[in-house]
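# Reading the structure
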Amino acid sequence: MAESNKILSKRSLRRHVKNTEAVVATLQSINRNTYNTFVEDSNTAVLLMEVDSCDSDAGGDWFRATSGQEDMSATSGQEENTKSDYYSSDEQDEDSDIDDSNTDNLCDDLRAWAAATNTPLSHLSSLLTVLRKHLPNANLPKDGRTLLSTPTSTEVQSKAGGSMHYFGVANGIKSRIEDSPTLKSIHTLRLQINVDGMPLFKSSNEQFWPILALIEEDPNRIPFVVALYSGQSKPSDANEYLSDFVMEMERIASDGVVYQSKLYKVEISAFVCDAPARAFIKNIKSHNSYYGCERCAQEGVWSNNRMNYPETNAASRTDESFKAQLHSDHHRDGESALIRINIGMVSQFVLDFMHLVCLGVMRKLRLWMRGPLPSRIGNQSMTAVSDKLVLLGKKLPKEFGRKGRSLREVDRWKATEFRTFLLYTGPIALKNTLPDAMYNHFLLLHVGITILCSTHLSEHYCDYAEKVLTVFVQNFSVIYGDFVVYNVHGLIHLANDVRKFGPLPKISAFPFENYLYQLKRKISKPNQPLQQIVKRLTEQPLNISSVSQSQHTNVLCAKPPSMHCPVL
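Keep in mind that this is a model prediction, so the values were computed, not measured. (Residues numbered from 1 in each chain as written. Predicted model: local features only at pLDDT ≥ 70, side-chain atom pairs only at ≥ 80, totals over all residues. Heavy atoms only, no water.)

### So, helix α16 (residues 436-453)
With 18 residues, α16 extends 25 Å from end C-alpha to end C-alpha; this agrees with the ideal 26 Å at 1.5 Å per step. Across the 18 residues that make up α16, a large majority, 14, are buried. (Helix = DSSP H or I, 4+ residues; strand = E, 2+ residues; numbered from the N terminus. Expected span 1.5 Å × (residues − 1). Buried < 20%, exposed > 50% of the residue type's maximum accessible area, 1.4 Å probe, protein only.)

### Remarks on empty space enclosed by the protein
Evaluated as defined, the whole model comprises 6 cavities of 30 Å³ or more. Its volume calculated, the second largest cavity comes out at about 80 Å³. In terms of lining residues, the second largest cavity is bounded by Leu389, Arg402, Lys403, Gly404, Arg405, Trp413, Glu417, Thr420, Phe421 and Thr425. It is helix α15 (residues 415-429) that provides the largest number of residues to the lining of the second largest cavity, a total of 4 residues. Taken together, the residues that form the lining of the second largest cavity break down as 3 nonpolar, 3 polar and 4 charged. (1 Å grid on protein atoms, 1.4 Å probe; cavity = no way out; pocket = protein on both sides within 12 Å on 5 of 7 lines; lining within 4 Å. Points joined across faces, edges and corners; volume = space filled by probe spheres on them. Nonpolar A, V, L, I, M, F, W, Y, C, P; charged D, E, K, R; others polar.)

### Some words on the packing of aromatic side chains
Applying the stated criterion to the full structure yields 13 aromatic pairs. For the pair Phe472 and Phe476, a centre-to-centre distance of 5.7 Å together with 65° between the ring planes defines the contact as edge-to-face. Pair noted here: Phe472 and Phe476 are both in helix α17 (residues 455-480), with a separation of 4 residues, about one helical turn. An aromatic cluster of at least three residues, connected via ring pairs, comprises Trp368, Trp413, Phe418, Phe421 and Phe442. The cationic tip of Lys282 hangs over the ring face of Phe349; the distance from NZ or CZ to the ring centre is 5.0 Å. (Phe/Tyr/Trp six-rings, centres within 6.5 Å; stacked < 30°, edge-to-face > 60°. Lys NZ or Arg CZ within 6 Å of the ring centre and 35° of its normal.)

### Some details on helix α10 (residues 275-282)
Summarising burial for α10: 7 of the 8 residues are buried, a large majority. If you check which residues of α10 are buried, you get Ala275, Ala277, Arg278, Ala279, Phe280, Ile281 and Lys282. At the N-terminal boundary of α10, the capping side chain belongs to Asp274, with an oxygen 3.1 Å from the backbone nitrogen of Ala277. Looking one or two residues past α10, Asn283 carries a phi angle of roughly 60°, positive in sign. (Polar contact = N/O pair within 3.5 Å; in protein donor to acceptor, adjacent residues only side chain to side chain.)

### Digging into the packing of helix α14 (residues 379-395) against α15
In a packed pair of helices, the relevant descriptors are the angle between the two axes and the axis-to-axis distance. As a packed pair, α14 and α15 sit with axes 9 Å apart at the nearest point and diverge in direction by 125°. Comparing the axis directions of α14 and α15 gives the class oblique. By crossing handedness, the relation of α14 to α15 is classed as right-handed. Taking contact as the criterion, the partners of Val385, Lys388, Leu389 and Leu392 in α14 are, on α15, Phe421, Thr425, Ile428 and Ala429. By residue class, the composition of the contact of α14 with α15 is 6 nonpolar, 1 polar and 1 charged. (Axes fitted to C-alpha atoms, helices over the stretch in contact; angles between N-to-C directions. Parallel < 35°, antiparallel > 145°, perpendicular 65-115°, else oblique. Left-handed = near helix turned anticlockwise from the far one by under 90°. Contact = heavy atoms within 4.5 Å.)

### Let's talk about the pattern of salt bridges
Summed over the entire model, instances satisfying the criterion amount to 20 salt bridges. The closest approach of N and O atoms between Glu250 and Arg340, which form a salt bridge, is 3.1 Å. With Glu250 in helix α9 (residues 238-255) and Arg340 in the loop between α11 (319-324) and β14 (349-351), this residue pair connects regions lying 90 residues apart in the sequence. Using a relative accessible area of 32% as the deciding quantity, one classes Glu250 as partly exposed. Arg340 sits in the partly exposed class, given a relative accessible area of 48%. (Salt bridge = Lys/Arg side-chain N within 4 Å of Asp/Glu carboxyl O.)

### Comments concerning the side chain of Ser269
With respect to the secondary-structure elements, Ser269 resides in strand β11 (residues 262-273). The contacts of Ser269, once residues within four sequence positions are left out, are Arg190, Leu191, Glu216, Gln348 and Phe501.

### Here's the deal with the environment of Leu263
Mapping Leu263 onto the fold places it in strand β11. When the C-alpha positions of Leu263 and Thr188 are compared, they lie 9.1 Å apart, and in sequence the two are 75 residues distant.

### As for the nonpolar core
If you look at soluble globular proteins, the nonpolar side chains tend to sit buried side by side. Ranked by size, the top nonpolar core spans 87 residues in total, and within it Trp368, Leu445, Ile449 and Leu491 carry the most contacts. A total of 12 residues in this core trace back to one element, the largest contributor, which is α17. Setting aside residues no more than four positions away along its own chain, Trp368 makes contact with Ser375, Arg376, Ile377, Phe421, Leu430, Leu434, Met438, Phe442 and Tyr480. With 48 residues, the next largest nonpolar core counts Ala170, Leu191, Val257 and Met345 among its residues. (Core = buried A, V, L, I, M, F, W, Y, C linked by side-chain atoms within 4.5 Å.)

### Examining the confidence of the model for the protein
Across the protein, the average pLDDT comes to 81, with 77% of residues at 70 or higher. Between residues 1-5, whose pLDDT stays under 50, and residues either more than four places distant or in other chains, the model counts 6 contacts. Contacts for the low-pLDDT stretch residues 30-98, under 50 throughout, to residues beyond four places or in other chains number 103 contacts. (pLDDT = per-residue confidence, 0-100.)

### Quick look at the environment of Leu537
Its place among the elements puts Leu537 in helix α21 (residues 529-539). The class for Leu537 is buried, based on a relative accessible area of 16%. C-alpha separation for the pair Leu537 and Thr150, spaced 387 residues apart in sequence, amounts to 9.6 Å. Not counting chain neighbours up to four residues away, the residues in contact with Leu537 comprise Phe167, Val225, Tyr515, Leu519 and Lys522.

### Side note on the pairing of strand β9 (residues 224-231)
Burial within β9 is extensive, with 8 of its 8 residues counted as buried. Pairing between strand β5 (residues 162-166) and β9: 4 bridges, direction antiparallel. Residue pairing for β9: Ser163 is matched across the bridge by Ser230. Relative to β9, strand β8 (residues 207-215) is paired through 7 bridges, and the arrangement is antiparallel. Pairing of Leu212 across the sheet is with Val225, part of β9. (Pairing = 2+ DSSP bridges.)

### Re the environment of Ser406
As for its position among the elements, Ser406 is in the loop between α14 and α15. You can call Ser406 buried: its relative accessible area is 14%. Along the chain, Ser406 and Ala384 lie 22 residues apart, while their C-alpha atoms are 9.7 Å from each other. With sequence-adjacent residues up to four places away left out, Ser406 is seen in contact with Ser386, Val390 and Trp413. Among the polar contacts listed, one links the side chain of Ser406 to the backbone nitrogen of Arg408, at a separation of 3.1 Å.

Right, here's the structure in full:
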């Protein structure tokens, strides 16, 4: 009785009646245009059937079966209701019942997939056409823009010589809280801010200057866009470029951010930028000027067409001296708008590990191949090192996204490859190849940076790492000549940032640079790139932002380094 209303498909019903000769004989006598019933003597079941009146080649017969005791004198109204229970195919009988909730889930999954894979709208629309054909009851839209809720217009303002769209700090924080349940239990959120330039095309000067932010407590460390500037060059006025950001941060500093009836206190922890971007937003002299160092007040020495900073014990700059502009040669005319949000203009602008060490100092070590003759290695030695790097790259675990490449391709190495060489493969590949003095000098950099990159080691050996890196800088000019440029000199100041903010990976630009790459991939054509990015970010669901974000390898060390420091 419990299954009296069960609807059997054509295939299932054929299987039930195949061996029942009495039923077959009865079916043959039924009028094809009427409904009839018959009772099986074996189980007193009532079978109600409709035989399709169309030609047998076109469609065949359709049946509806019920079991149990029913009144044989069914009314014509019941027969009309019976017609609505039939389906036009076996697939619809068994697989095509799509309710509203399943339709919503399908649309949500398609939307997340399209945003995560950066699928072009034309391809998404073509896919929807195919799905609508095979899933007619799914109520899918015809166009990809409808599925993604693409805005028809974008708000773009002219500012600082280009175009700019402001997304907002509070909006980004709310989206990250929604995406990361861990943040919902935290009351104070600390932000890292990144400003950087990004060229868009090789054939034009079009470039982006985004303002990105990252919540330090976010376990996924996924940045979000605060503002996006587009122009033929960098913004003409830094204060105008930063005006919306500064105004909102002033309001957030006093009022906080309210989300789902909970108040979050928001603080700026640090600005993580490369040297040109720091000089731009701080309104100070460039890093290659006579007073370009942001941490000490020494005067640079111009030698061999480059600015050198040979001193290691010059007087330090402070937040108070910066605000008062006591060293006028370090500042440009006017003051930065960032002073209004009450941050340390010296202490809260970290020296970025990615640009200073990986792309700065490590690139400078190409002096092994093209520097002064006393520091060059021969072609045979370079081949031996390259072979070791390629072999070691094959043994690296999958956590390393980029494996080892030959030294002959060093001009194309990425920051992650320099990092891997410095922290892991370099000491092995260079052993018995470099002269002892140069190899021991490289080990100083390897040991010092390894300590500062490890959470455990930096807590116990930060002072030792500072001494090691100071010795490295002092001996750099002895081995390579007048090449103690801004990046090499900056090594002596890294330990102070680690004491204040933690190990170097926590204050590096790697997450921001990876996000900029994902942002650039969303541009499909050169026309109106800013509007394209605004639309793509508006379409993106909150919970897919971490799909394509790569995870970074944590720098670990099995045991503390030897306390013996070779002095050259």
